[in-house]
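This is what each chain is made of:
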Amino acid sequence: MARAERNTGARSEEKTAEGKDSLRLWLRLLTCSTMIERKVRTRLRNEFDATLPRFDMMAALDRAPDGLSMGELSRRLMVSNGNVTGVADRLAREGLVKRWSPPADRRSSRLALTARGRKEFSGMAKAHQGWIEEMMAGLNTAERDALIALLARVKLSIGSKDEGRDAA
């Protein structure tokens, strides 16, 4: 009986240690993500008088030359339709996006970058890439590759847990 209790205690301690390591990992990922986002937001504001939501919307539209519906933008950016509408309205007023209603559904609207919007986004995207390269300069190629592979596994692990919970 004492042996079974010791084994149970050891497993419990291991589980607690793994839980603490998982929490440490999550906090480290969150800290890194927050630090990167803060620097990108600051540089977008200082160098382009732009916000991160504006940059993200322009990036999504840059990848969709035929335009996207407001709902598609909302899903891709993982924000509410209201958030998309506000940013879209500002970009349209500035002539950086065009908005139209498809003939088949006059109630919906689609957005696409204008030529001016593409040019402005191109400059921001090039600068953004440089900022990220600067921030990652402390890692060599092998370390970056290893981190990318490990984070892909984390992403799969998170996704598989969500899918299991959704199915239950």
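Shown above is the structure to which this text applies.
Keep in mind that this is a model prediction, so the values were computed, not measured.

Q: Mind showing me how you'd approach the pattern of salt bridges here?
A: For the structure shown, the criterion picks out nine salt bridges. A salt bridge links Asp 89 to Arg 99, with the shortest nitrogen-to-oxygen separation between them at 2.9 Å. In this pair, Asp 89 sits in helix H4 (residues 81–93) while Arg 99 sits in strand S2 (residues 97–100), placing the two residues ten residues apart along the sequence. Under the relative-accessibility criterion, Arg 99 is labelled partly exposed at 37%. Put simply, Arg 43, Glu 47 and Glu 134 are held in one network by salt bridges that share partners.

Q: Can you walk me through the sheet that holds strand S1 (residues 68–69) in this structure?
A: Remark on secondary structure: sheet strands pair via backbone hydrogen bonds, oriented parallel or antiparallel. Taken in spatial order, the three strands line up as S1-S3-S2 in an open sheet, and their pairing is antiparallel. The two strands at the open ends of the sheet, each matched to only one other strand, are S1 and S2. Of the strands in this sheet, S1, S2 and strand S3 (110–113) touch helix H2 (residues 52–62), which is tilted by about 90° from S3. Against the sheet, H4 engages S2 and S3, with an angle of about 115° to S2.

Q: Honestly, the packing of H2 against helix H3 (residues 70–77) in this entry has me stumped. Any pointers?
A: Two quantities define a packed helix pair, namely the angle between the axes and the distance from one axis to the other. Put simply, H2 and H3 touch, their axes get as near as 10 Å, and they point 115° apart. As H2 runs across H3, the sense of the crossing is right-handed. Contacts from Asp 56, Met 57, Ala 60 and Leu 61 of H2 reach H3 at Leu 73, Arg 76 and Leu 77. Grouping the amino acids of the contact of H2 with H3 by side-chain chemistry returns five nonpolar, no polar and two charged.

Q: Which parts of the structure should I look at to understand the nonpolar core?
A: A general feature of soluble globular proteins is that nonpolar side chains tend to end up buried together. One finds Met 57, Leu 61, Leu 73 and Leu 111 to be the most contacted residues of the largest nonpolar core, which totals 26 residues. The set of elements that each furnish at least two residues to this core consists of helix H1 (2–48), H2, H3, H4, S3 and helix H5 (115–135). Top contributing element to this core by residue count: H2, with seven residues. Once residues lying within four places of it in the same chain are set aside, the contact partners of Leu 61 are Leu 68, Leu 73, Val 97, Leu 111, Ala 112, Leu 113 and Arg 118.

Q: Teacher, can you tell me more about the pairing of S3 here?
A: Within a regular beta strand, the side chains point alternately toward one face of the sheet and then the other, so they alternate between its two faces. Here two bridges tie S1 to S3, and the two strands are oriented antiparallel to one another. Paired with Ser 69 across the strands is Arg 110, a residue of S3. As paired elements, S2 and S3 share four bridges and run antiparallel to each other. Bridging across to S3, Lys 98 finds its partner in Ala 112.

Definitions and limits used
- Here the residue numbers are simple positions, counted from 1 along each chain's written sequence.
- For this predicted model, a pLDDT threshold of at least 70 governs which residues receive local features, and a threshold of 80 or more governs which side-chain atom pairs are given and counted, while totals over whole chains, interfaces and linings are taken from all residues.
- Water and hydrogen atoms play no part in the side-chain values, which are based on all heavy atoms of the structure.
- Here a salt bridge means any side-chain nitrogen of Lys or Arg lying within 4 Å of a carboxyl oxygen belonging to Asp or Glu.
- Numbering of helices and strands starts at the N terminus; helices are DSSP runs of H or I of at least 4 residues and strands are runs of E of at least 2.
- Whether a residue is buried, partly exposed or exposed follows from its accessible area with a 1.4 Å probe, protein chains only, as a fraction of its type maximum: under 20%, in between, or over 50%, in that order.
- By definition, two strands form a pair when at least two bridges between them are found by DSSP.
- Any two residues having at least one pair of non-hydrogen atoms within 4.5 Å are treated as being in contact.
- Only the stretch in contact is used when a helix axis is fitted, and all axes are lines through C-alpha atoms; the angle between N-to-C directions ranges over 0 to 180 degrees.
- Left-handed describes a crossing in which the near helix is turned anticlockwise from the far one by less than a right angle; the clockwise case is right-handed.
- In this classification, Asp, Glu, Lys and Arg are treated as charged, Ala, Val, Leu, Ile, Met, Phe, Trp, Tyr, Cys and Pro as nonpolar, and every other residue, Gly included, as polar.
- To define a nonpolar core, start from buried Ala, Val, Leu, Ile, Met, Phe, Trp, Tyr and Cys residues and group those joined through side-chain atoms within 4.5 Å.

Shape descriptors only; they carry no functional weight alone.
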